[in-house]
Amino acid sequence: MQHREIAFIGAGNMAHAIIAGLVSHGYPASKITVCSPTPVRRDKIAEQYGINSTNDNVAAVKQADVIVLAVKPQMMKEVCEALQQATDFSEKLVLTIAAGIPAHRYNTYFGQELRLIRIMPNTPSLVGKGVSGLFAQDTVSEQDKQFAQELMQSVGSTIWCVKEQEINNVIAITGSSPAYFFLFMEAMQQKAEQLGYDEKQARELVLNAIDGSVALAKSQGDIAFSTLREQVTSKGGTTAMALEQFYNGNLPQTVAQAMQSAIDRAEEME
Ligand code: NAD
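Residues numbered from 1 in each chain as written. Predicted model: local features only at pLDDT ≥ 70, side-chain atom pairs only at ≥ 80, totals over all residues. Heavy atoms only, no water.

### Considerations on the pairing of strand 8 (residues 156–160)
Move 1: The sheet contact formed by strand 7 (residues 130–136) and strand 8 spans five bridges and is parallel. Looking at the pairing, Ser132 lines up with Thr158 of strand 8. (Pairing = 2+ DSSP bridges. Helix = DSSP H or I, 4+ residues; strand = E, 2+ residues; numbered from the N terminus.)

### Details of the pattern of salt bridges
Move 1: Scanning the entire structure with this criterion turns up nine salt bridges.
Move 2: Note that Asp43 is salt-bridged to Arg42, the shortest N-O span being 3.2 Å.
Move 3: Taking the relative accessible area as the measure of exposure, Asp43 reaches 32% and is therefore partly exposed.
Move 4: We classify Arg42 as buried; its relative accessible area is 9%.
Move 5: Residues Glu270 and Arg118 are paired through a salt bridge, measuring 3.4 Å at the closest nitrogen-oxygen approach. Placement of Glu270 in the segment after helix 12 (251–269) and of Arg118 in strand 6 (residues 115–120) is noted, with a sequence separation of 152 residues between them.
Move 6: According to the relative accessible area criterion, Glu270 is partly exposed, its value standing at 33%.
Move 7: Taken together, the salt bridges that share partners define one network made up of Arg4, Arg115 and Asp144. (Salt bridge = Lys/Arg side-chain N within 4 Å of Asp/Glu carboxyl O. Buried < 20%, exposed > 50% of the residue type's maximum accessible area, 1.4 Å probe, protein only.)

### A short note on the side chain of Asn122
Move 1: Considering the arrangement of structural elements, one finds Asn122 in the loop between strand 6 and strand 7.
Move 2: In this structure the side chain of Asn122 is engaged in a polar contact, spanning 2.9 Å, whose partner is the backbone nitrogen of Val131. (Polar contact = N/O pair within 3.5 Å; in protein donor to acceptor, adjacent residues only side chain to side chain.)

### Notes on the packing of aromatic side chains
Move 1: Considering all chains together, one arrives at three aromatic pairs under this definition.
Move 2: Centre to centre, the rings of Tyr106 and Tyr109 are 5.9 Å apart; their planes meet at 70°, and the pair counts as edge-to-face. Highlighted residues: Tyr106 and Tyr109, both in helix 5 (residues 103–110), separated by three residues, approximately one helical turn.
Move 3: Judged by relative accessible area, Tyr109 falls into the buried class, the value being 7%.
Move 4: Between Phe184 and Phe246, the aromatic rings sit 5.8 Å apart at their centres with planes inclined by 40°, giving tilted as the arrangement. One end of the pair, Phe184, is in helix 8 (residues 177–194); the other, Phe246, is in helix 11 (residues 238–248), and 62 residues separate them in sequence.
Move 5: Sitting above the plane of the Phe147 ring, Arg4 keeps its charged end 4.6 Å from the centroid. (Phe/Tyr/Trp six-rings, centres within 6.5 Å; stacked < 30°, edge-to-face > 60°. Lys NZ or Arg CZ within 6 Å of the ring centre and 35° of its normal.)

### Some thoughts on helix 4 (residues 73–83)
Move 1: Within the sequence span of helix 4, burial applies to Met76, Val79, Cys80 and Leu83. Looking straight down helix 4, one finds its buried side chains confined to an arc of 95°; they lie on one side. Away from the buried face of helix 4 by more than 90 degrees, exposed residues Gln74, Glu78 and Ala82 are located.
Move 2: Of the surrounding elements, those touching the buried residues of helix 4 are strand 1 (6–9), helix 3 (57–63), strand 4 (66–69), strand 5 (93–96) and helix 5. (Arc of directions from axis to C-beta. Contact = heavy atoms within 4.5 Å.)

### A few points about unusual backbone geometry
Move 1: One non-glycine residue, Asn250, lies in the positive phi region at around 55°.
Move 2: Positionally, Asn250 belongs in the loop between helix 11 and helix 12.

### Observations regarding the site of the ligand
Move 1: With respect to spatial proximity, 22 residues lie near the ligand, and among them Met14, Ser36, Asn57, Val71 and Thr123 are the closest.
Move 2: A distance of 3.0 Å separates an oxygen atom of the ligand from a polar backbone atom of Asn13.
Move 3: Contacts to the ligand include Thr38, whose side-chain N or O atom sits 2.9 Å from an oxygen atom.
Move 4: Bound to the protein, the ligand loses 79% of the 840 Å² it would expose on its own.
Move 5: Spatially, the ligand is embedded in the second largest pocket.
Move 6: Of the residues forming the shell around the ligand, the biggest block, three residues, is contributed by helix 4.
Move 7: Taken together, the residues that form the shell around the ligand break down as 14 nonpolar, seven polar and one charged. (Near = heavy atom within 4 Å. Areas by Shrake-Rupley, 256 points an atom, 1.4 Å probe, with all protein chains shown as cover. 1 Å grid on protein atoms, 1.4 Å probe; cavity = no way out; pocket = protein on both sides within 12 Å on 5 of 7 lines; lining within 4 Å. Sits in = over half its atoms within 2 Å of the grid points. Nonpolar A, V, L, I, M, F, W, Y, C, P; charged D, E, K, R; others polar.)

### Some details on the layout of surface pockets
Move 1: Its boundaries defined by the atoms lining it, the largest pocket holds a volume of some 2,800 Å³.
Move 2: If you go around the largest pocket, you meet 48 residues; those closest to its centre are Phe181, Phe184, Ile210, Ser213 and Val214.
Move 3: Put simply, the parts of the chain that give the lining of the largest pocket at least two residues each are strand 7, helix 7 (166–175), helix 8, helix 9 (199–219), helix 10 (225–231), helix 11 and helix 12.
Move 4: Looking at which element gives the most residues to the lining of the largest pocket, the answer is helix 8, with eleven residues.
Move 5: Looking at the lining of the largest pocket residue by residue, the classes come out as 33 nonpolar, eleven polar and four charged.
Move 6: Each pocket or cavity is described by its volume, and for the second largest pocket that value is around 520 Å³.
Move 7: In terms of lining residues, the second largest pocket is bounded by 21 residues, among which Asn13, Met14, Lys72, Pro73 and Ile97 are the most central.
Move 8: Mapped onto the lining of the second largest pocket, the elements with two or more residues apiece are helix 1 (13–24), helix 4 and helix 8.
Move 9: By residue number, the principal contributor to the lining of the second largest pocket is helix 1, which donates three residues. (Points joined across faces, edges and corners; volume = space filled by probe spheres on them.)

Shown next as structure tokens:
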């Protein structure tokens, strides 16, 4: 990976995760700066990873080759407009991880056509197992794309979106899905507790069952999930009885509708 000067605007969970990933993959800490008006998180991150920190977004952006916009979406307009006069952005690669803001709006915020890549990470990035969807504006070079891809690969895997609207599919499939799985885990834990296990035991049982299922699926190469399901289901057996309940409740259709609702909401928010 090329070692460019990177400025993170925002010192929240996501910025922290990406910085941690970069440094653990050998990216030079001296080439990373984190900016935030609130010193507590910013200085903690700076100290932990030996990177630079500042409360001066303009100064950080001026000296950076790559700017990672990592503030909340509702702060984005104000933060970008304050940077507009800071520097010549044609020399900078701008990456944004904010949800719900289309690429063209950043050109308006900055008053110029940017070399911009939208990135949609998910929370497992915090433990290096994220999935990020990336979409590049036409102004972005292959070299810039490669850089952004490698940056996000430091916290997991990546997938490119050819059209910007595909970012909303990524939101439904990987961005929001940790919550789908947590809901399932929550429901299983509740039933385990009703069966007499204490909270800790129930949590462990559910976590280990999911962890083992994912590990098993990964160990089987490209084998279909449906085949894996069939392999644990004997006709008339306990698993078959349990699955019948899921089918009676139209689980596959509910999942598809839930994912479509996430896409619809993402489109509405733009
Ligand atoms: P967060 O609230 O943890 O962090 C936001 C940071 O921005 C804070 O450090 C805050 O001090 C800083 N900030 C506020 N005003 C600022 C300013 N004027 N200049 C510089 N910094 C400023 O948020 P987060 O969870 O890290 O999310 C950051 C972005 O990532 C959001 O846009 C969110 O949509 C996106 N995102 C988050 C997740 C996630 O799971 N956390 C997933 C995908 C995308």
